[in-house]
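Geometric and topological summary
Each chain, letter by letter, is given below.
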Amino acid sequence: MDAVNRAIVSELLKDGRATYHEVGKAVGLSAPAVKRRVDLMMARGEIAGFTVRVDPHAMGWTLEGYVEIFCSGIVSPKVLERDFAPIPEVVRVSTVTGDADAIVHVMATSMEEIERTVERIRTVTHVVKTRTALVMSRVVDRPGA
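Residues numbered from 1 in each chain as written. Predicted model: local features only at pLDDT ≥ 70, side-chain atom pairs only at ≥ 80, totals over all residues. Heavy atoms only, no water.

Structural notes on helix α1 (residues 3–14)
For an α-helix, 3.6 residues make a turn, and residues three or four places apart therefore share a direction. Look at α1: 17 Å from first C-alpha to last across twelve residues, which is about the 16 Å you get at 1.5 Å a residue. Three or more residues of α1 are buried, namely Asn5, Ile8, Glu11 and Leu12. One face of α1 carries all of its buried residues, which in axial projection span an arc of 120°. The exposed residues of α1 that point more than 90 degrees off its buried face are Ala3, Arg6 and Lys14. (Helix = DSSP H or I, 4+ residues; strand = E, 2+ residues; numbered from the N terminus. Expected span 1.5 Å × (residues − 1). Buried < 20%, exposed > 50% of the residue type's maximum accessible area, 1.4 Å probe, protein only. Arc of directions from axis to C-beta.)

Shown next, in the form of C-alpha coordinates:
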(Lines give C-alpha, C1' and ligand atoms only; values in the text may rest on other atoms or scores of the structure.)
Protein backbone atom coordinates (compact mmCIF):
# COMPACT_ATOMS: atom_id res chain seq x y z
CA MET A 1 0.00 0.00 0.00
CA ASP A 2 1.51 3.30 -1.04
CA ALA A 3 1.40 6.61 0.83
CA VAL A 4 -1.59 7.90 -1.16
CA ASN A 5 -3.66 4.80 -0.39
CA ARG A 6 -2.73 5.12 3.28
CA ALA A 7 -3.91 8.74 3.19
CA ILE A 8 -7.20 7.66 1.58
CA VAL A 9 -7.71 4.99 4.25
CA SER A 10 -6.88 7.53 6.96
CA GLU A 11 -9.59 9.86 5.62
CA LEU A 12 -12.12 7.02 5.40
CA LEU A 13 -11.33 5.99 8.99
CA LYS A 14 -12.18 9.54 10.09
CA ASP A 15 -15.45 9.50 8.13
CA GLY A 16 -16.52 6.37 6.28
CA ARG A 17 -19.36 8.33 4.70
CA ALA A 18 -17.09 10.97 3.16
CA THR A 19 -17.62 11.39 -0.56
CA TYR A 20 -14.89 10.53 -3.03
CA HIS A 21 -14.73 14.27 -3.78
CA GLU A 22 -14.13 15.10 -0.09
CA VAL A 23 -11.48 12.39 0.26
CA GLY A 24 -9.84 13.49 -3.01
CA LYS A 25 -9.70 17.08 -1.82
CA ALA A 26 -7.92 15.97 1.36
CA VAL A 27 -5.37 13.77 -0.44
CA GLY A 28 -4.88 15.76 -3.66
CA LEU A 29 -6.71 13.49 -6.12
CA SER A 30 -9.84 13.71 -8.24
CA ALA A 31 -12.97 11.89 -7.09
CA PRO A 32 -12.70 9.30 -9.93
CA ALA A 33 -9.06 8.61 -8.98
CA VAL A 34 -10.06 8.06 -5.34
CA LYS A 35 -12.88 5.73 -6.40
CA ARG A 36 -10.51 3.65 -8.57
CA ARG A 37 -8.04 3.34 -5.70
CA VAL A 38 -10.77 2.43 -3.18
CA ASP A 39 -12.19 -0.17 -5.58
CA LEU A 40 -8.72 -1.70 -6.05
CA MET A 41 -8.05 -1.74 -2.30
CA MET A 42 -11.39 -3.48 -1.77
CA ALA A 43 -10.65 -6.01 -4.54
CA ARG A 44 -7.27 -6.80 -2.93
CA GLY A 45 -8.86 -7.11 0.53
CA GLU A 46 -6.96 -4.13 1.95
CA ILE A 47 -10.30 -2.52 2.75
CA ALA A 48 -12.53 -5.24 4.15
CA GLY A 49 -15.70 -3.15 4.19
CA PHE A 50 -17.41 -0.16 5.69
CA THR A 51 -19.17 -0.12 9.02
CA VAL A 52 -20.80 2.11 11.59
CA ARG A 53 -19.14 3.11 14.85
CA VAL A 54 -21.63 3.67 17.62
CA ASP A 55 -21.43 5.17 21.05
CA PRO A 56 -21.68 2.13 23.36
CA HIS A 57 -23.76 4.09 25.86
CA ALA A 58 -26.26 5.03 23.16
CA MET A 59 -26.74 1.29 22.56
CA GLY A 60 -27.28 0.67 26.28
CA TRP A 61 -23.85 -0.94 26.72
CA THR A 62 -22.80 0.67 29.98
CA LEU A 63 -20.19 -1.95 30.87
CA GLU A 64 -17.24 -3.21 28.90
CA GLY A 65 -14.66 -5.81 29.80
CA TYR A 66 -11.91 -8.08 28.61
CA VAL A 67 -11.94 -11.76 29.55
CA GLU A 68 -8.68 -13.66 29.29
CA ILE A 69 -9.31 -17.27 28.32
CA PHE A 70 -7.05 -20.11 29.44
CA CYS A 71 -7.66 -23.39 27.59
CA SER A 72 -6.69 -27.02 28.00
CA GLY A 73 -4.63 -28.21 25.07
CA ILE A 74 -4.32 -26.40 21.79
CA VAL A 75 -7.44 -24.61 20.60
CA SER A 76 -7.60 -23.27 17.06
CA PRO A 77 -8.99 -19.85 16.13
CA LYS A 78 -11.81 -21.62 14.25
CA VAL A 79 -12.86 -23.40 17.46
CA LEU A 80 -12.76 -20.12 19.39
CA GLU A 81 -14.94 -18.52 16.71
CA ARG A 82 -17.40 -21.41 16.82
CA ASP A 83 -17.64 -21.31 20.60
CA PHE A 84 -17.81 -17.57 21.24
CA ALA A 85 -19.46 -16.00 18.16
CA PRO A 86 -22.95 -17.09 19.27
CA ILE A 87 -22.65 -15.10 22.53
CA PRO A 88 -24.25 -11.71 21.75
CA GLU A 89 -22.22 -9.77 24.35
CA VAL A 90 -18.94 -10.89 22.72
CA VAL A 91 -17.78 -8.16 20.35
CA ARG A 92 -14.28 -9.46 19.56
CA VAL A 93 -12.18 -12.57 20.18
CA SER A 94 -8.42 -12.46 19.60
CA THR A 95 -5.66 -14.99 20.11
CA VAL A 96 -2.81 -13.50 22.13
CA THR A 97 0.72 -14.16 23.30
CA GLY A 98 1.53 -14.77 26.94
CA ASP A 99 -0.17 -16.97 29.49
CA ALA A 100 -3.72 -16.61 28.14
CA ASP A 101 -4.77 -18.37 24.93
CA ALA A 102 -7.23 -15.68 23.87
CA ILE A 103 -8.86 -12.48 24.99
CA VAL A 104 -12.58 -11.85 24.64
CA HIS A 105 -13.92 -8.29 24.47
CA VAL A 106 -17.43 -8.10 25.93
CA MET A 107 -19.99 -5.30 26.22
CA ALA A 108 -23.13 -5.45 28.32
CA THR A 109 -25.97 -3.44 29.79
CA SER A 110 -25.42 -4.43 33.42
CA MET A 111 -23.09 -6.15 35.86
CA GLU A 112 -25.51 -9.08 35.91
CA GLU A 113 -25.17 -9.42 32.14
CA ILE A 114 -21.37 -9.32 32.41
CA GLU A 115 -21.52 -12.04 35.07
CA ARG A 116 -23.84 -14.22 32.96
CA THR A 117 -21.57 -13.75 29.95
CA VAL A 118 -18.43 -14.72 31.87
CA GLU A 119 -20.22 -17.76 33.28
CA ARG A 120 -21.31 -18.74 29.76
CA ILE A 121 -17.71 -18.38 28.56
CA ARG A 122 -16.56 -20.60 31.44
CA THR A 123 -18.95 -23.38 30.38
CA VAL A 124 -17.10 -23.90 27.08
CA THR A 125 -15.49 -27.33 27.27
CA HIS A 126 -11.86 -26.38 26.68
CA VAL A 127 -11.89 -23.27 28.96
CA VAL A 128 -10.19 -24.08 32.26
CA LYS A 129 -9.78 -20.57 33.67
CA THR A 130 -10.77 -16.97 32.98
CA ARG A 131 -9.56 -13.62 34.25
CA THR A 132 -11.77 -10.57 33.71
CA ALA A 133 -10.90 -6.88 33.68
CA LEU A 134 -13.64 -4.24 33.44
CA VAL A 135 -13.02 -1.01 31.52
CA MET A 136 -13.26 2.11 33.66
CA SER A 137 -12.87 4.61 30.78
CA ARG A 138 -11.68 4.71 27.19
CA VAL A 139 -8.70 7.03 26.96
CA VAL A 140 -7.57 6.59 23.32
CA ASP A 141 -10.12 5.14 20.91
CA ARG A 142 -8.84 5.23 17.32
CA PRO A 143 -11.18 4.49 14.43
CA GLY A 144 -10.53 1.16 12.75
CA ALA A 145 -8.89 -0.34 15.80
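Quick word on the side chain of threonine 130
Relative to the helices and strands, threonine 130 resides in strand β4 (residues 127–134). When its relative accessible area of 13% is taken as the criterion, threonine 130 is described as buried. In this structure the side chain of threonine 130 is engaged in a polar contact, spanning 2.9 Å, whose partner is the side chain of arginine 122. When near neighbours in sequence (up to four residues on either side) are disregarded, threonine 130 contacts Val67, Glu68, Ile69, Phe70, Val118, Ile121 and Arg122. (Polar contact = N/O pair within 3.5 Å; in protein donor to acceptor, adjacent residues only side chain to side chain. Contact = heavy atoms within 4.5 Å.)

Some thoughts on the nonpolar core
Val67, Ile69, Phe84, Val90, Val104, Val106 and Ile121 are the most contacted members of the largest nonpolar core, which totals 17 residues. Elements with a contribution of two residues or more to this core: β1 (63–71), α4 (77–84), β3 (102–108) and α5 (111–122). Per-element accounting of this core gives the leading share, four residues, to β3. (Core = buried A, V, L, I, M, F, W, Y, C linked by side-chain atoms within 4.5 Å.)

A look at the packing of α1 against helix α2 (residues 20–27)
Direction vectors running N to C along α1 and α2 enclose 125°, while the axes themselves pass 10 Å from each other. As judged from the angle between their axes, α1 and α2 are oblique. Note on packing geometry: the crossing formed by α1 with α2 is right-handed. In contact with Ala7, Ile8, Glu11 and Leu12 of α1, α2 contributes Val23, Ala26 and Val27. When the residues that make up the contact of α1 with α2 are grouped by side-chain class, the tally is six nonpolar, no polar and one charged. (Axes fitted to C-alpha atoms, helices over the stretch in contact; angles between N-to-C directions. Parallel < 35°, antiparallel > 145°, perpendicular 65-115°, else oblique. Left-handed = near helix turned anticlockwise from the far one by under 90°. Nonpolar A, V, L, I, M, F, W, Y, C, P; charged D, E, K, R; others polar.)

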